[in-house]
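Summary of structural features
Chain residues, written in single-letter form:
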Amino acid sequence: MTVSYVISGFAVGLLVGLTGVGGGSLMTPLLTLLYGIHPSVAVGTDLAFAAVTKSAGTMAHRYKGTVRWDVVRQLSCGALPAAVLSTLLLKHFGALGHGIAEIIRYSIAISVSLTVIALLFKAKLQVWLNNHPEKQLHGARLTAATVACGLLLGTLVTVSSIGAGAVGATLLVLLHPRLSPAEIAGTDIAYAVPLTAVAAFGHWWLGSIDWPLLGALLLGSVPGITIGSLAARAVPEKFLRGLLAITLTSVALKLVW
């Protein structure tokens with residue numbers, strides 16, 4: 001089984017490298033549907049996985065100067081308290097119980113569906129907003145909206161481990177359309193580091209992290225992400241995103257039905 005986990009980590013890492021979509025959208029459904037792992041354990045393990053991989057990504061973006069730290073702070077002001085509160089609620093209702101498992105399954109399905117929407121419409125939204133500057137938020141309203149998005153993302157990520165990738169990037173595009181694509185990516189990864197770390201610590205406290213599984217996934221994902229990133233330019237982006245959108249839609253439907 002360990003070899004299967006390493007292969008799965010490699011496959012997910014390869015797709016993340018090729019498409020830039022967060023691994024949670026792929027890894028968590030894979031663990032629950034293919035391997036039958038309890039949803040809470042799948043979420044907790046994937047959060048620990050994300051905390052490690054996104055830390056490396058943040059260092060790279062920091063070196064390139066593509067992180068907007070003011071936006072990171074605003075998102076974190078909403079996301080971190082939401083992560084703590086969500087963890088306490090999971091503890092109260094029993095993170096490893098059958099009832100909460102069903103709730104988490106539906107949360108994963110919703111988060112995957114949001115990822116599909118983000119994949120399909122992010123570029124069009126950015127173009128529309130740049131053509132309609134009067135629709136953009138500014139000042140205190142922009143700050144409040146960014147903190148509120150942090151609250152939403154903190155809850156989604158803690159419960160489903162999904163949301164800090166494509167969904168977070170799309171929300172950044174909506175709120176801060178003037179950021180460059182590199183700044184969107186860097187800021188999205190940077191705020192996700194403390195969020196996934198806090199959420200992963202919460203799941204460790206809940207007892208819902210499988211450490212041997214985490215090690216096997218990391219062993220496969222590191223070369224997968226590297227190869228995917230190097231090959232990204234050779235594969236048509238529209239084809240990849242279309243294929244990924246179809247796959248994730250099928251996953252969401254399978255999780256519900």
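Residues numbered from 1 in each chain as written. Predicted model: local features only at pLDDT ≥ 70, side-chain atom pairs only at ≥ 80, totals over all residues. Heavy atoms only, no water.

**Concerning helix H7 (residues 166–175)**
Because the α-helix completes a turn every 3.6 residues, residues three or four places apart line up on one side. Most of H7 is tucked away, with nine of its 10 residues classed as buried. Within the sequence span of H7, burial applies to Ala166, Val167, Gly168, Ala169, Thr170, Leu171, Leu172, Val173 and Leu175. (Buried < 20%, exposed > 50% of the residue type's maximum accessible area, 1.4 Å probe, protein only. Helix = DSSP H or I, 4+ residues; strand = E, 2+ residues; numbered from the N terminus.)

**Topic: the pattern of salt bridges**
Within the structure shown, the criterion is met by one salt bridge. With a shortest N-O distance of 2.8 Å, Arg68 and Asp70 are connected by a salt bridge. Its relative accessible area of 30% is what places Arg68 among the partly exposed residues. (Salt bridge = Lys/Arg side-chain N within 4 Å of Asp/Glu carboxyl O.)

**A few points about the packing of H7 against helix H8 (residues 181–206)**
Helix packing geometry: the angle between the two helix axes and the distance between the axes. At their nearest, the axes of H7 and H8 sit 9 Å apart, and the two run at 125 degrees to each other. In this view, H7 runs oblique relative to H8, as classed from their interaxial angle. You can see that H7 and H8 cross each other, and the crossing is right-handed. From H7, Gly168, Ala169, Leu172 and Val173 reach across to H8, where they touch Ile184, Thr187, Asp188 and Tyr191. Each residue belonging to the contact of H7 with H8 can be placed in one class, and the counts come to five nonpolar, two polar and one charged. (Axes fitted to C-alpha atoms, helices over the stretch in contact; angles between N-to-C directions. Parallel < 35°, antiparallel > 145°, perpendicular 65-115°, else oblique. Left-handed = near helix turned anticlockwise from the far one by under 90°. Contact = heavy atoms within 4.5 Å. Nonpolar A, V, L, I, M, F, W, Y, C, P; charged D, E, K, R; others polar.)

**A word on the packing of helix H6 (residues 139–160) against H7**
In the contact formed by H6 and H7, the axes pass within 11 Å of each other and the chain directions differ by 170 degrees. Comparing their axes, H7 and H6 come out roughly antiparallel. Seen from H6, the contacting residues are Leu142, Ala145, Thr146, Cys149, Leu152 and Leu153; seen from H7, they are Val167, Gly168, Leu171 and Leu175. For the contact of H6 with H7, the per-class residue count stands at eight nonpolar, two polar and no charged.

**Brief notes about the environment of Thr249**
Here Thr249 is to be found in helix H10 (residues 237–256). Distance from Thr249 to Val112, taken between C-alpha atoms, is 7.4 Å for residues 137 residues apart in sequence.

**Considering H8**
End to end, H8 covers 36 Å across 26 residues, agreeing with the expected 38 Å (1.5 Å per residue, within 8%). At Ala192, H8 is deflected by roughly 30 degrees, the largest bend along its length, and proline Pro194 occurs up to four residues later in sequence. (Expected span 1.5 Å × (residues − 1). Bend = angle between axes of the 7 residues up to and from the residue.)

**Description of the nonpolar core**
Counting 57 residues, the largest nonpolar core has Leu31, Ile37, Tyr191 and Leu217 as the members making the most contacts within it. If you tally residues by element for this core, the top one is H8, at eight residues. Apart from residues no more than four positions distant in its own chain, Tyr191 is found in contact with Val72, Leu75, Ser76, Leu153, Gly163, Ala164 and Gly168. (Core = buried A, V, L, I, M, F, W, Y, C linked by side-chain atoms within 4.5 Å.)

**Quick look at the confidence of the model for the protein chain**
Looking at the protein chain as a whole, the pLDDT averages 80, with 85% of positions reaching at least 70. Mean pLDDT values for the elements of the protein chain range from 69 in H10 up to 91 in helix H4 (residues 69–93). (pLDDT = per-residue confidence, 0-100.)

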